[in-house]
Amino acid sequence: MTAPGEGRDIPGDPPDPPFRLLHVSTGNVCRSPITERLTRHALAARLGARAGAELIVESAGTWGHEGAPMEENAAAVLSELGADPAGFRARELLDGHVIHADLVLTATRDHRAQVISMGHSAGLRTFTLKEFTRLVRAIDPATLPDTADLAGRARALVRAAAALRGWLLAPTPEADEVHDPYGAPLTFFEAIGGEISEALDPVINALTGAEVAR
């Protein structure tokens, strides 16, 4: 059997286990639900049924309001962007979420630090969303495994991004942040939703090797 994330060269060798992507914010009612559902929507648009089977997307909050619904403005923004907000319930970030995640994308640097402080060798697979986007833009898709192995391709993308982190720094610390819209008017939520959607686009393209026609 090949090591996780490496190509499958032997006929009949079992596929890699599903790749698990975890989005993290504070309450898990605004930013991370928007990011989770936009990620799922974008993956489904490119991959169809393969998305949920091979790339599992979840979210949680460092101060998660366990069981709470998504904030109303967050749900409205998702609907405007074509994604489905239905049925969401917030979760508090637990050790198990981090242990099982192949990639953790956080809203802010503080969230990133909190995830890494939990241990579980999370440092090399935890980034802010905008940080990961910046790194992914610098990776040549031709160096990644074929999309026949989506999980292996995703794990290779995370390794490549981690290797670049010390070389491609943000112009300012704030450039890696997605600000909290909690309690703000809908227009601010819409601006945050646009930021998240823009940051996700190159990540989804790299994960899937495909773009959606516009």
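Within any chain, residue numbers begin from 1 and follow the written order of that chain's sequence. For this predicted model, a pLDDT threshold of at least 70 governs which residues receive local features, and a threshold of 80 or more governs which side-chain atom pairs are given and counted, while totals over whole chains, interfaces and linings are taken from all residues. Think of the side-chain values as coming from all heavy atoms in the structure, minus any hydrogens and water.

Draft legend 1. Spotlight on the overall build of the protein. Think of it this way: any DSSP run of H or I at least four residues long counts as a helix, any run of E at least two long counts as a strand, and we number them from the N terminus. Of the regular secondary structure elements, the protein holds eight helices and four strands. Each helix and strand of the protein, placed in order from N terminus to C terminus, yields the pattern β-α-α-β-α-α-β-α-β-α-α-α. Radius of gyration here is computed from C-alpha atoms only, and the compact-globule reference equals 2.2 Å multiplied by the residue count raised to the power 0.38. Since a compact globule built from 214 residues should have a radius of gyration of about 17 Å, the 16 Å found for the protein is in line with a globular shape. By principal-axis analysis of the C-alpha atoms, the protein measures approximately 55 × 35 × 30 Å. The contact criterion used throughout is that any non-hydrogen atoms of two residues lie within 4.5 Å. Taking contacts inside the protein between residues at least 6 apart in sequence as the whole, the part at least 24 apart equals 73%. When the accessible surface of the protein is summed, it comes to about 10100 Å², and 57% of that surface belongs to carbon and sulfur atoms. Here, Shrake-Rupley sampling with a 1.4 Å probe gives the accessible areas, and only protein chains in the shown set may cover a residue.

Draft legend 2. Local environment of the packing of helix α3 (residues 72-80) against helix α8 (residues 186-208). Packing of α3 against α8 brings their axes to within 9 Å, and their N-to-C directions diverge by 55 degrees. It follows that α3 is oblique to α8 by the angle criterion. Every pair of crossing elements has a handedness; the one defined by α3 and α8 is right-handed. In contact with Asn73, Ala74, Ala76, Val77 and Glu80 of α3, α8 contributes Leu186, Phe189, Glu190 and Gly193. Note on residue categories: nonpolar means Ala, Val, Leu, Ile, Met, Phe, Trp, Tyr, Cys or Pro, charged means Asp, Glu, Lys or Arg, and polar means any other residue, Gly included. Partitioning the contact of α3 with α8 into residue classes produces five nonpolar, two polar and two charged. Convention adopted: a line fitted to C-alpha atoms gives each axis, helices being fitted over their contacting stretch, and angles between N-to-C directions are expressed from 0 to 180 degrees. Oblique is the label for every angle not falling under 35 degrees (roughly parallel), over 145 degrees (roughly antiparallel), or within 65 to 115 degrees (roughly perpendicular). Two helices crossing with the near one rotated counterclockwise from the far one by less than a right angle form a left-handed crossing, whereas a clockwise rotation gives a right-handed crossing.

Draft legend 3. Main features of the confidence of the model for the protein. Known as pLDDT, the predictor's per-residue confidence is scaled from 0 to 100. Here the protein averages 90 in pLDDT, and 91% of its residues register 70 or above. Confidence over residues 1-11 falls short of pLDDT 50; this stretch has 22 contacts with residues more than four positions distant or in other chains.

Draft legend 4. Broad picture of unusual backbone geometry. The backbone of Asn28 sits at a positive phi, close to 60 degrees, despite the residue not being glycine. With respect to the helices, strands and loops of the structure, Asn28 is situated in the loop between β1 (19-25) and α1 (31-47). You will see that Ser121, though not glycine, has its phi angle at about 55 degrees, which is positive. Considering the arrangement of structural elements, one finds Ser121 in the loop between α5 (109-117) and β4 (126-128).

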